[in-house]
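Commentary on secondary and tertiary structure
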Amino acid sequence: MKLRFPVIASVFALLGVGAAVVWKFSGSGIVPTLAAPPSPSVAVPKPDASGLALERDHAAVFQRAFWRRPASSDKILHAERRDWLDDASGVQKWQWFIAVQPSAAFRDWLLKDNPFELVSVAPGTELVPLSSPPAWFPTAGELAGLSRYRNREGRYLVFHDLANDRFYATDAGGGFAGAQK
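What you see is a predicted model; the values in this text were computed from it and never measured.

Each value, and the rule that gives it
- Residues numbered from 1 in each chain as written.
- Predicted model: local features only at pLDDT ≥ 70, side-chain atom pairs only at ≥ 80, totals over all residues.
- Heavy atoms only, no water.
- Helix = DSSP H or I, 4+ residues; strand = E, 2+ residues; numbered from the N terminus.
- Buried < 20%, exposed > 50% of the residue type's maximum accessible area, 1.4 Å probe, protein only.
- Contact = heavy atoms within 4.5 Å.
- Areas by Shrake-Rupley, 256 points an atom, 1.4 Å probe, with all protein chains shown as cover.
- Core = buried A, V, L, I, M, F, W, Y, C linked by side-chain atoms within 4.5 Å.
- Phe/Tyr/Trp six-rings, centres within 6.5 Å; stacked < 30°, edge-to-face > 60°.
- Lys NZ or Arg CZ within 6 Å of the ring centre and 35° of its normal.
- Polar contact = N/O pair within 3.5 Å; in protein donor to acceptor, adjacent residues only side chain to side chain.
- Pairing = 2+ DSSP bridges.

Helix and strand counts for the protein chain stand at four helices and seven strands. Put simply, the protein chain runs from its N terminus to its C terminus through helices and strands in the order α-β-α-β-β-α-β-α-β-β-β. In the protein chain, buried positions account for 32% of the 181 residues. The contacts of the protein chain with a sequence gap of at least 6 include a subset with a gap of at least 24, amounting to 59%. Just so you have it, the protein chain exposes about 11,700 Å², and 60% of that area is on carbon and sulfur atoms.

Laid out in structure tokens, this is it:
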């Protein structure tokens, strides 16, 4: 029991020295200062008369679809996000579609790191029907021939065209509070 006090005192002394070093050098450029990451500045599209707001900015749709910014080596071929807004700009429902020629890093992140907990879907398995996909999105028949993945809920769908190394993805959901203007 005699050993306990010197060990505890040593730990506190080391913590104190470490804090002093960080404090001394933090303003000198030796220890980088931690800054909050810049908040994404995504412009809120204006809704049409029916309350539908379309976003076609490729990087903005990519970021909202995959929760990360595209790398310069990710080629976004097409992207569209639809938000149906109420009178108070609250989103009643939303839907997005995207086509990406992925970099190797993005492909590995999406399928190997698997942040969306995607599972492979066997050929012939019925998927959630796609509601009004854009003209550039593959048809149901074309999608049936691609490698298919979905999340647990079954709405977040990723189709991998192995022949062209291209991802087609979509998701849809209910409402949430709109961005503050």
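There's plenty left to go through after this.
Attention shifts here to the nonpolar core. Among the nonpolar cores identified, the biggest contains 23 residues, and Phe66, Trp96, Ile98, Leu110 and Val158 are the most heavily contacted of them. Where this core is concerned, the elements lending two or more residues are helix H2 (58-66), strand E2 (75-85), strand E3 (91-101), helix H3 (104-113) and strand E7 (166-176). Take this core: its biggest share by element is five residues, from E3. Excluding residues that lie within four positions of it along the chain, valine 158 makes contacts with Leu110, Leu118, Ser147, Arg148, Tyr149, Phe167, Tyr168 and Ala169. Formed by ten residues, the second largest nonpolar core is a distinct cluster that contains Phe97, Phe137, Leu143 and Leu157.

This part is about the packing of aromatic side chains. Per the stated rule, a full pass over the model turns up 14 aromatic pairs. Judged by centre distance (5.4 Å) and plane angle (75°), the ring pair of tryptophan 96 and tyrosine 156 falls under edge-to-face. You can see tryptophan 96 sitting in strand E3 and its partner tyrosine 156 sitting in the loop between strand E5 (147-150) and strand E6 (157-161), a full 60 residues away along the chain. We note that tryptophan 96, like tyrosine 156, is buried. An aromatic cluster of at least three residues, connected via ring pairs, comprises Phe62, Phe66, Trp67, Trp96, Phe106, Trp109, Phe116, Tyr156 and Phe167. Geometry around tryptophan 109 places arginine 68 over its ring, the cationic atom sitting 4.2 Å from the centre. Against the face of tryptophan 84 rests lysine 93, its NZ or CZ located 4.6 Å from the ring centre.

To continue, consider H2. Along H2, the residues classified as buried are Ala60, Val61, Phe62, Gln63, Ala65 and Phe66. With a side-chain oxygen lying 3.2 Å from the backbone nitrogen of alanine 59, the N-terminal cap of H2 falls on aspartate 57. Where H2 ends, the next residue or the one after it, tryptophan 67, has phi of about 60°, a positive value.

Of all five residues in E6, five are buried, a share of seventy percent or more. Here E5 runs beside E6; their pairing, made up of four bridges, is antiparallel. Residue tyrosine 149 lies in a different strand from E6, and its bridge partner there is valine 158. Hairpin connection of E5 to E6: six residues between the antiparallel strands, including glycine 154 at a positive phi of 90°.

Attention now goes to the pairing of E3. Most of E3 is tucked away, with eight of its eleven residues classed as buried. Where E2 meets E3, ten bridges bridge the pair, whose relative direction is antiparallel. What sits directly across from isoleucine 76, in E3, is valine 100.

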